[in-house]
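Structure at a glance
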Protein chains: 6
Amino acid sequence: MIYITRRERFTAAHRLFRPELSNAKNTEIFGGCANPNWHGHNYEIFVTVKGNVNPELGYVMNLRDLSKIIEENVSDKVDHKNLNLDVDFLKGIMTSTENVAIAIWNQLEKPIQEHGAILHCIKLVETENNFVEYYGGK
Amino acid sequence: MIYITRRERFTAAHRLFRPELSNAKNTEIFGGCANPNWHGHNYEIFVTVKGNVNPELGYVMNLRDLSKIIEENVSDKVDHKNLNLDVDFLKGIMTSTENVAIAIWNQLEKPIQEHGAILHCIKLVETENNFVEYYGGK
Amino acid sequence: MIYITRRERFTAAHRLFRPELSNAKNTEIFGGCANPNWHGHNYEIFVTVKGNVNPELGYVMNLRDLSKIIEENVSDKVDHKNLNLDVDFLKGIMTSTENVAIAIWNQLEKPIQEHGAILHCIKLVETENNFVEYYGGK
Amino acid sequence: MIYITRRERFTAAHRLFRPELSNAKNTEIFGGCANPNWHGHNYEIFVTVKGNVNPELGYVMNLRDLSKIIEENVSDKVDHKNLNLDVDFLKGIMTSTENVAIAIWNQLEKPIQEHGAILHCIKLVETENNFVEYYGGK
Amino acid sequence: MIYITRRERFTAAHRLFRPELSNAKNTEIFGGCANPNWHGHNYEIFVTVKGNVNPELGYVMNLRDLSKIIEENVSDKVDHKNLNLDVDFLKGIMTSTENVAIAIWNQLEKPIQEHGAILHCIKLVETENNFVEYYGGK
Amino acid sequence: MIYITRRERFTAAHRLFRPELSNAKNTEIFGGCANPNWHGHNYEIFVTVKGNVNPELGYVMNLRDLSKIIEENVSDKVDHKNLNLDVDFLKGIMTSTENVAIAIWNQLEKPIQEHGAILHCIKLVETENNFVEYYGGK
């Protein structure tokens, strides 16, 4: 068993807020992250998959395939987008780093499995000082 | 003459577009950067000032002062903000990296001079692959 | 269960030595790190906490709270300090990266628990080539 | 139990291919990595060892010793080398990041044990977007 | 006048040597860089162009255009290649960082000019410790 | 004319203060940097030299030579040292980043010239947020 990681990047706007609360109340809870006019980030995703090394190919999974899976299921949907408004797989979800990481996991788990590897970890970096790691729901 | 640089960071949403054009036309010109729902970045600003070393203090300018000048005149106004909607010193300006760098220069030139140093360069980093440097308008 | 990490930084002087040994003997064991006149580092601390996502807030723990806990219990006590002389929670401890990481764990475990999350890992980076990870004492 | 990591670097040429296949077939499978004239990387190795803190020394293992073990058993053999042609411990091995990481593990496991620590992880970084982690063969 | 920089990356094999000298002599002069079996790097190119801001577009030059110019004239020709054997614009050139930077300048100067900007600097990073900057030949 | 840069690193303790002032006064002026028990940094030095490319060698100056010059004249004297107490070429100098950069320039200018290149810039990085650049005294 060995672990291989691919990094991808996207830039997006977002906002933390609960729609049933006032702007003032949201600011009290979420600080500047509640700005009704949005703010944004350069996000980095580190997708780690695990598996055995295919002896004929030398790798767990072709990184070009992994990169393409991430592109089709995540990057194309979130890059240069508003995470709260534009992304089908984030509809109705508060766009905290935690929740976005979990939603990315749900996007990638199956297609990675279909290529013979197992999704191990989604690491989502929001700023140089903050990141989240998710290893699946169990 | 010696040069000293202070890095500060902010996160913001923005959009590239010309208001007199349709969304389709803006997308044709600016690509994903024209998304009407905004996108965003973790920006880094590198502010370089120059001057002679004060022999009693050992430095061109107290970095705590420089940091405070940047905070009051730039960071507090742009961090967790929408560059197109929320920022007084960017009103009516297309928020390209170039234009934001020039506007930051204009914010900082005078207060730095009042502290006895000379603003030399604003470097504004938008992503790990793109940045702008501005040395003043002459 | 999800993991969220906050990075903080501090700069400090320190020295590796055993007080019962001569300077020559300490240099033999600890090399340049035994310099009686001290040396120093820009340290980075990565504090990882784990927990379930609070459905109303979208996060395991408010990062502003986590940052404040680290500041009050660690950063304010070690930043611009001598780890051997100035720090209450390092008294009598040899200031190796390992021991400092364990001492930081002991400072943070309880206050993080009081905010409803579980401390998972202290990663202490001493130089770009050396770091320690501690997951608790059991 | 605590974990300490040492980073070392080397630059090398390599190529992914199966000798029994044609160049065209290898290119189909491995893309640009199959270039018969080679390509290359600045590799980073992160070697993580675990153990208890020696109370007299303050560390799990002297990092100068760890660095020397990596140098003698890995760096001196791969730095400024061709991984396919020049390296005794890679003879007959397809030089994918996975396989090189496993081979480095095999080089380091015993000498680290002889210094009283346990090898925990080899992380091999091939580019800023790709890396492998190996925790041993069981 | 403002300066904008685009970073691109490529991985390549190369070797420093003078064909009229023996391997032993080349090793004496160039050290490990003379290895007849090649070694390699992850290179980074920073291409800086200067010009005035186009008031309708907000930028000196469309970064998508700049990126495409670099891709067609440099990256596609050097990525996953052997700099000594595979690259038309490096034929007969000793592939030191200096010479490769100058050759990249010569590839990019004209096409950038044709897009209305002026090439200002090629910065070529060979390792995290070594880089070259070239501002043109005069 | 082309510019080549070598990065070296050192770790050191230091303190900002004027010996004729009280500790309280020094703290007022220099903040935490005046701590009488010292603090410290992982410093990075970027030494840039300029010259013409030697057509037989492909470079301005052999980087092994440049690295050795820096080692002998700077790194060996400051690494794991106290900048205020241990360093001959900093005696009587307030150890601000500015002054240390100038002193490093003075150490390196002549030996680099003796190897046929011209020292162009000393960049001294004190933290990820602060650095100084010095281009010589005129």
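So, here is what we can say about the structure in this document.

1. Let's talk about the packing of aromatic side chains
Tallied over the entire structure, the rule returns 30 aromatic pairs over all chains. Each ring, one from Y59 of chain A and one from F30 of chain D, has its centre 6.2 Å from the other, and the planes form 75°; the classification is edge-to-face. Here Y59 of chain A, found in the loop between β2 (39-51) and α2 (63-78), pairs with F30 of chain D, found in helix α1 (residues 23-30), and the two come from separate chains. Just as Y59 of chain A is buried, F30 of chain D falls in that class too. Ring centres 5.4 Å apart and planes at 85° place the aromatic pair Y135 of chain C and Y3 of chain D in the edge-to-face group. Note that Y135 of chain C is positioned in the segment after β5 (130-134) and Y3 of chain D in strand β1 (residues 2-14), a pairing that runs across two chains. Above the face of the F46 of chain C ring, K123 of chain C is positioned so that its terminal group lies 5.2 Å from the ring centre. Positioned above the aromatic ring of F17 of chain E is the side chain of R15 of chain E, whose terminal nitrogen or guanidinium carbon lies 3.8 Å from the ring centre.

2. Observations regarding the interface of chain A and chain B
Put simply, an interface is often sized by how much accessible area is lost when its parts join up. In this complex, chain A contributes 24 residues to the contact, which on the side of chain B involves 24 residues. Buried area between chain A and chain B, both sides added, is near 1700 Å², and the carbon and sulfur share of it is 42%. Area buried by chain A at its contact with chain B is led by N37, N42 and H80 of chain A, which between them contribute 30% of it. Inspection of the chain A/chain B interface yields four salt bridges. Between E128 of chain A and R9 of chain B there is a salt bridge; the shortest N-O distance is 3.3 Å. Of all the secondary structure elements, the ones that give two or more residues to the side of chain A that touches chain B are β1 (2-14), β2, β3 (81-82) and β4 (118-127) of chain A. A per-class count over the side of chain A that touches chain B returns five nonpolar, 12 polar and seven charged.

3. Brief notes about the pattern of salt bridges
Taken as a whole, this structure holds 54 salt bridges over all chains when the rule is applied. One salt bridge connects E56 of chain C with R18 of chain A, and the closest N-O pair in it is separated by 3.3 Å. Within this pair, whereas E56 of chain C is found in the loop between β2 (39-51) and α2 (63-78), its partner R18 of chain A is found in the loop between β1 and α1 (23-30), the two belonging to separate chains. Exposure remark for E56 of chain C: the relative accessible area of 46% places this residue in the partly exposed category. What makes R18 of chain A buried here is its relative accessible area of 13%. R7 of chain F is the partner of E128 of chain C in a salt bridge, and the nearest nitrogen-oxygen pair spans 2.7 Å.

So, how was this worked out
- Residues numbered from 1 in each chain as written.
- Chains lettered and ligands numbered in written order.
- Predicted model: local features only at pLDDT ≥ 70, side-chain atom pairs only at ≥ 80, totals over all residues.
- Heavy atoms only, no water.
- Phe/Tyr/Trp six-rings, centres within 6.5 Å; stacked < 30°, edge-to-face > 60°.
- Helix = DSSP H or I, 4+ residues; strand = E, 2+ residues; numbered from the N terminus.
- Buried < 20%, exposed > 50% of the residue type's maximum accessible area, 1.4 Å probe, protein only.
- Lys NZ or Arg CZ within 6 Å of the ring centre and 35° of its normal.
- Contact = heavy atoms within 4.5 Å.
- Buried area = accessible area lost by both parts, 1.4 Å probe.
- Salt bridge = Lys/Arg side-chain N within 4 Å of Asp/Glu carboxyl O.
- Nonpolar A, V, L, I, M, F, W, Y, C, P; charged D, E, K, R; others polar.

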